[in-house]
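In case you want the letters, here they are:
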Amino acid sequence: MTVAVADPMLPQRYRVTHAQRLLDDTVSLRLTPQDGELPSWQPGQFNMLYAFGVGESAISISGADDNGFEHTVRAVGAVSRAIAALQVGDSIGLRGPFGSAWPVTAAEGADVVFVAGGLGLAPLRPAIEAVLQQRERYGRVVLRVGARRPQDLLFPEALERWRLARDVDIDVSVDHADTQWRGHVGVVTTLIAGARFDPHESIAMVCGPDVMMRFCARSLHDEGVADDRIYLSMERNMKCAIGLCGHCQFGPSFICKDGPVMRYDTIADRLNVREL
Amino acid sequence: MRSDTETPRAAARITRVALQALIDALIARGYAVIGPTVRDGAIVYDQLSTTAELPAGWTDEQAPGRYRLQRRDDDALFGFAVGPHSWKRYLHPPMETLWTARSSADGFDFSAAPSPTEKYAFLGVRACELQAIAIQDRVFQHDRFRDTAYAARRDNALIVAVHCAQPASTCFCSSMQSGPKARGAFDLALTELLDAERHDFLVEVGSPAGAELLDSLAAAEATRADLDAADAVIAQAERRMGRTIDSSVFRERLRDRAEHPRWTEVADRCLSCGNCTMVCPTCFCTTVEDHTDLSGAQAERVRKWDSCFTMEFSYIHGGSVRQSTGARYRQWMTHKLSSWVDQFGSSGCVGCGRCIAWCPVGIDIAAEATAICADTPPTPGATP
Ligand SMILES: Cc1cc2nc3c(=O)[nH]c(=O)nc-3n(C[C@H](O)[C@H](O)[C@H](O)COP(=O)(O)OP(=O)(O)OC[C@H]3O[C@@H](n4cnc5c(N)ncnc54)[C@H](O)[C@@H]3O)c2cc1C
Ligand code: SF4
Ligand code: SF4
Ligand code: FES
């Protein structure tokens, strides 16, 4: 189906209405539309954020309320640095939301396993919130989070809140511990085997660096989760987000419109091909 | 009605001289007429107003890594195959402003680029190029999102096709089911009828706009002999097709043979120059650039043709996905011949041979694809 949107290439004006530094290089921004209403969105989707005169980046929706989208941005280059430097009151361009969503509704009735690596917790957060808001509709809920160091852990308050919420099994692992760390040390993948969930009745949602997702998907598979019940969020260079620039191709898929959230069984073969 | 002039299809005949009247009629209807003309040793597309600007008596001799103009021994106007240009440079221009933004009291304001008003008449569109336009239509107009600027230029465009009489040695349109006979959506289609006695064009009508144009010309009704002569032109082009390949196996085998050793062998020759993507009439990839003026108050976003052969194309933080030339060549060819089918329901290659002739080292997509897709798969365990 062809969508008749006004002009999918033209950004809308948003204003930064809240800004919070989460880590040295990572901020969280709430963006409120300057004209009109917040468009409808789903957990897992992303927006193209435009810093005036600098450029555009694909950034996942890490939350939303009636007032706007929340985005969590790590400053790694020109555009993300400019976005991360925005202050409350500044304007920003936004196109979106684009892309596929986490299977939050499809997972009802099943156990849900979330696995996040680093910044990967940001795109998963709205899915986790949605599941916890309707906790009774799901079986066991498992969340495994990996971070480089304890101080790199994203959203510690949210993690605390979720931990206190009814019946959520949360575990965190860091690659490099400090003296105060009493949790696990090592890659997050190793936390999957110990988790209690029914592999035959589970849906898994995984987001993190490419390698981490590949290993997690394999562990989940080895635990007995069917490949068509494992979902990954893929990342590729994106210039348009609407299937027209060609940059985000991953074999036959355009990550911007067929993804970013993709079912593992549809991409497992391709994930094993180097430099695809 | 006399039976010897009874024609199974609507067709007319005009003289070479009347072709000028066609150009005049197009100009009178507000079209910028774009057609083939000789420049810098190649037949390129440019705006023209007279038949004198057409490449009369020229042909193109093509081979892997080679393109040369040669004199013909007749005065054919369309006696060549295809040059380095394709119509995509008009419908999907190499550079295009998407929007501008200006800082204001309220942050900044965006204005969309004005909708294109260009009205092009393309004169001399080959069968393979009609197919290439149809392929880009699918990408830009009939996918989930629509490129409104492309759609506007496309809606305004009028197409005068010319059935191909002179395939080059690099051509393989018949293997890609795209030529040499023009079958796609044209307004008018010409067949050049040229022998010792005459220089005429058979004109077929493909649309009401085409019919209206033809009505304005001094056209004679085509005779059975004219139609037979036109069929013979196409039949001999078919016979002279440079090469024949089996494209039916490409989709599956290219996808499944991503680790074929041949990819690295091609990479040893490929310069990653991206020429192949620039001359290809279906390659549509673009990048964007953001600029500000000196005061910093005005910004714009410009879209430019891009090539999957650049390192930046697949860059994500930490490094490009496709580091090696082999991976980039594999992306290009696999997209053209395999994943395009999954994405858009047809091959992304029309067999025009441009990428073969204009590759500085003469890499031949048809030969490479055929080798990779050979019936005997590569020996297992061979180093990829
Ligand atoms: C679907 C999706 C969701 C994302 N969500 C987030 C998020 O929630 N938070 C966040 O901080 N980052 C996210 N990213 C990554 C973010 O888009 C890049 O970090 C950002 O584009 C880098 O641009 P730059 O100019 O700052 O960096 P540079 O390194 O200077 O990048 C140069 C160019 O390369 C491309 N590029 C570089 N890195 C990436 C990348 N990782 N992914 C895609 N394109 C890249 C961009 O086109 C950029 O213009 C996401 C990427 C995708 C594809
Ligand atoms: S891939 Fe080569 S032969 Fe095929 S359409 Fe493109 S330029 Fe022509
Ligand atoms: S195949 Fe030829 S034209 Fe294409 S990038 Fe390689 S060297 Fe350049
Ligand atoms: S980002 Fe342009 S095609 Fe996907």
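Residues numbered from 1 in each chain as written. Chains lettered and ligands numbered in written order. Predicted model: local features only at pLDDT ≥ 70, side-chain atom pairs only at ≥ 80, totals over all residues. Heavy atoms only, no water.

**Details of the overall build of chain B**
Tallying secondary structure elements over chain B gives twelve helices and 16 strands in all. For the C-alpha atoms alone, the extent of chain B along its principal axes is close to 75 × 65 × 40 Å. Out of the 384 residues belonging to chain B, those deemed buried represent 56%. For chain B, long-range pairs separated by at least 24 residues make up 71% of all intrachain contacts whose partners lie at least 6 apart in sequence. Looking at charge distribution, chain B has the averaged site of its 41 positive side-chain charges lying 3 Å from that of its 49 negative ones. (Helix = DSSP H or I, 4+ residues; strand = E, 2+ residues; numbered from the N terminus. Buried < 20%, exposed > 50% of the residue type's maximum accessible area, 1.4 Å probe, protein only. Contact = heavy atoms within 4.5 Å. Lys, Arg positive; Asp, Glu negative; His and termini not counted. Charge placed at Lys NZ, Arg CZ, Asp CG, Glu CD.)

**Remarks on the interface of chain B and chain A**
In this assembly, 57 residues from chain B lie in contact with 45 residues from chain A. Both sides of the chain B and chain A interface together cover about 4100 Å² of buried area, and 56% of this is carbon and sulfur. The largest share of the area that chain B buries against chain A comes from Phe108(B), Arg144(B) and Phe145(B), three residues that together contribute 18% of it. The interface formed by chain B and chain A holds six salt bridges in total. As a salt-bridge pair, Arg13(A) and Asp106(B) come within 3.4 Å of each other at their nearest N and O atoms. Between the two partners, chain B and chain A, sit 23 residue pairs in polar contact (both at pLDDT 80 or more). Taken together, the elements giving at least two residues each to the side of chain B that touches chain A come down to strand 6 (95–104), strand 7 (107–112), helix 3 (127–141), strand 13 (286–292), strand 14 (298–305), strand 15 (315–316) and helix 10 (325–344) of chain B. Per element, the largest residue contribution to the side of chain B that touches chain A is eight residues, and it comes from helix 10 of chain B. (Buried area = accessible area lost by both parts, 1.4 Å probe. Salt bridge = Lys/Arg side-chain N within 4 Å of Asp/Glu carboxyl O. Polar contact = N/O pair within 3.5 Å; in protein donor to acceptor, adjacent residues only side chain to side chain.)

**What about the site of ligand 1?**
The local shell around ligand 1 holds 23 residues, among which Ala58(A), Arg74(A), Ser80(A), Glu235(A) and His317(B) are the closest. At the site occupied by ligand 1, the surrounding residues belong to chains A and B. The backbone of Ala58(A) places a nitrogen or oxygen atom 2.7 Å from an oxygen atom of ligand 1. With the chains in place, 86% of the 830 Å² that ligand 1 exposes on its own is no longer accessible. Of all the elements in the fold, those that place two or more residues in the shell around ligand 1 are strand 4 (55–65), strand 5 (68–74) and helix 1 (78–84) of chain A together with strand 15 of chain B. Ranked by residues supplied to the shell around ligand 1, first place goes to strand 4 of chain A with four residues. (Near = heavy atom within 4 Å. Areas by Shrake-Rupley, 256 points an atom, 1.4 Å probe, with all protein chains shown as cover.)

**A short note on the packing of aromatic side chains**
A complete count under the given rule lists 27 aromatic pairs over all chains for this structure. Ring centres of Trp41(A) and Phe69(A) lie 6.5 Å apart, and the angle between their planes is 80 degrees; this geometry places the pair in the edge-to-face category. Here Trp41(A) is found in the loop between strand 2 (26–33) and strand 3 (46–51), whereas its partner Phe69(A) is found in strand 5, with 28 residues between them in sequence. Relative to Phe110(B), the ring of Trp99(B) lies with its centre 5.0 Å away and its plane at 90 degrees, an arrangement referred to as edge-to-face. Of this pair, Trp99(B) sits in strand 6 while Phe110(B) sits in strand 7, and the two are eleven residues apart along the sequence. Trp99(B) gets classed as buried once you look at its relative accessible area, which sits at 1%. Owing to a relative accessible area of 15%, Phe110(B) belongs among the buried residues under this scheme. Counting every residue linked through ring pairs, the aromatic cluster contains Phe254(A), Phe140(B), Tyr150(B), Phe284(B), Trp340(B) and Phe344(B). Over the ring of Trp305(B) we find Lys88(B); its NZ or CZ atom is 4.5 Å from the centre of that ring. Lying over the aromatic face of Phe80(B), Arg126(B) brings its terminal NZ or CZ to 4.9 Å of the ring centre. (Phe/Tyr/Trp six-rings, centres within 6.5 Å; stacked < 30°, edge-to-face > 60°. Lys NZ or Arg CZ within 6 Å of the ring centre and 35° of its normal.)

**Focus on the pattern of salt bridges**
All names here are of chain B. Taken as a whole, this structure holds 42 salt bridges over all chains when the rule is applied. Residues Asp 147 and Arg 303 are paired through a salt bridge, measuring 2.7 Å at the closest nitrogen-oxygen approach. With Asp 147 in the loop between helix 3 and helix 4 (148–156) and Arg 303 in strand 14, this pair connects stretches of sequence that are 156 residues apart. The salt bridge involving Asp 290 is made with Arg 301; its shortest N-O contact spans 2.9 Å. Of this pair, Asp 290 sits in strand 13 while Arg 301 sits in strand 14, placing them eleven residues apart in sequence. With respect to burial, Asp 290 and Arg 301 carry one shared label: buried.

**Notes on the site of ligand 2**
All names here are of chain B. The environment of ligand 2 is made up of 13 residues, and the closest members are Cys 280, Cys 349, Cys 352, Gly 353 and Cys 355. Secondary-structure elements contributing two or more residues to the shell around ligand 2 are helix 10 and helix 11 (354–357). The class makeup of the residues in the shell around ligand 2 is nine nonpolar, two polar and two charged. (Nonpolar A, V, L, I, M, F, W, Y, C, P; charged D, E, K, R; others polar.)

**Section: the sheet that holds strand 7 of chain B**
Residues and elements named next belong to chain B. Pairing is antiparallel across the open sheet formed by four strands, whose spatial order is 7-6-14-13. The open sheet has two edge strands with one neighbour each: strand 7 and strand 13. Averaged over neighbouring strand pairs, the angle between their axes works out to 20 degrees when direction is ignored. Bridge count between strand 13 and strand 14: seven bridges; the pairing is antiparallel. Looking at strand 14, one finds that Thr 287 is bridged to Lys 304. (Pairing = 2+ DSSP bridges. Axes fitted to C-alpha atoms, helices over the stretch in contact; angles between N-to-C directions.)

**Notes on the packing of helix 8 (residues 262–269) of chain B against helix 12 (residues 365–372) of chain B**
Residue and element names in this part refer to chain B. Here helix 8 crosses helix 12 at 155 degrees, and the two axes come no closer than 10 Å. The angle between helix 8 and helix 12 falls in the class roughly antiparallel. Taken together, the residues of helix 12 that come into contact with helix 8 (itself represented by Arg 262, Trp 263, Val 266 and Arg 269) are Glu 368, Ala 371 and Ile 372. (Parallel < 35°, antiparallel > 145°, perpendicular 65-115°, else oblique.)

**Thoughts on the domain arrangement of chain B**
Residue and element names in this part refer to chain B. Along its sequence, chain B is organised into domain 1 (10–239) and domain 2 (247–372). Contact residues are listed per partner, giving 46 residues for domain 1 and 43 residues for domain 2. Summed over both partners, the interface of domain 1 with domain 2 buries about 3500 Å², with 59% contributed by carbon and sulfur atoms. Summed over the three residues of domain 1 that lose the most area to domain 2, namely Lys 88, Phe 172 and Met 176, the buried surface amounts to 16% of that side. (Domains from an automatic or database assignment.)

**As for the domain arrangement of chain A**
When the parts of a complex come together, some accessible area is lost, and that lost area is often taken as the interface size. Residue and element names in this part refer to chain A. Taken as a whole, chain A is organised into domain 1 (12–98) and domain 2 (111–270). Domain 1 puts 19 residues into the contact, and the matching count from domain 2 is 19 residues. Buried surface at the junction of domain 1 and domain 2, both sides included, amounts to about 1500 Å², of which 66% is carbon and sulfur. On the surface where domain 1 and domain 2 come into contact, there are one salt bridge. On inspection of domain 1 and its partner domain 2, the count reaches three residue pairs in polar contact (both at pLDDT 80 or more).

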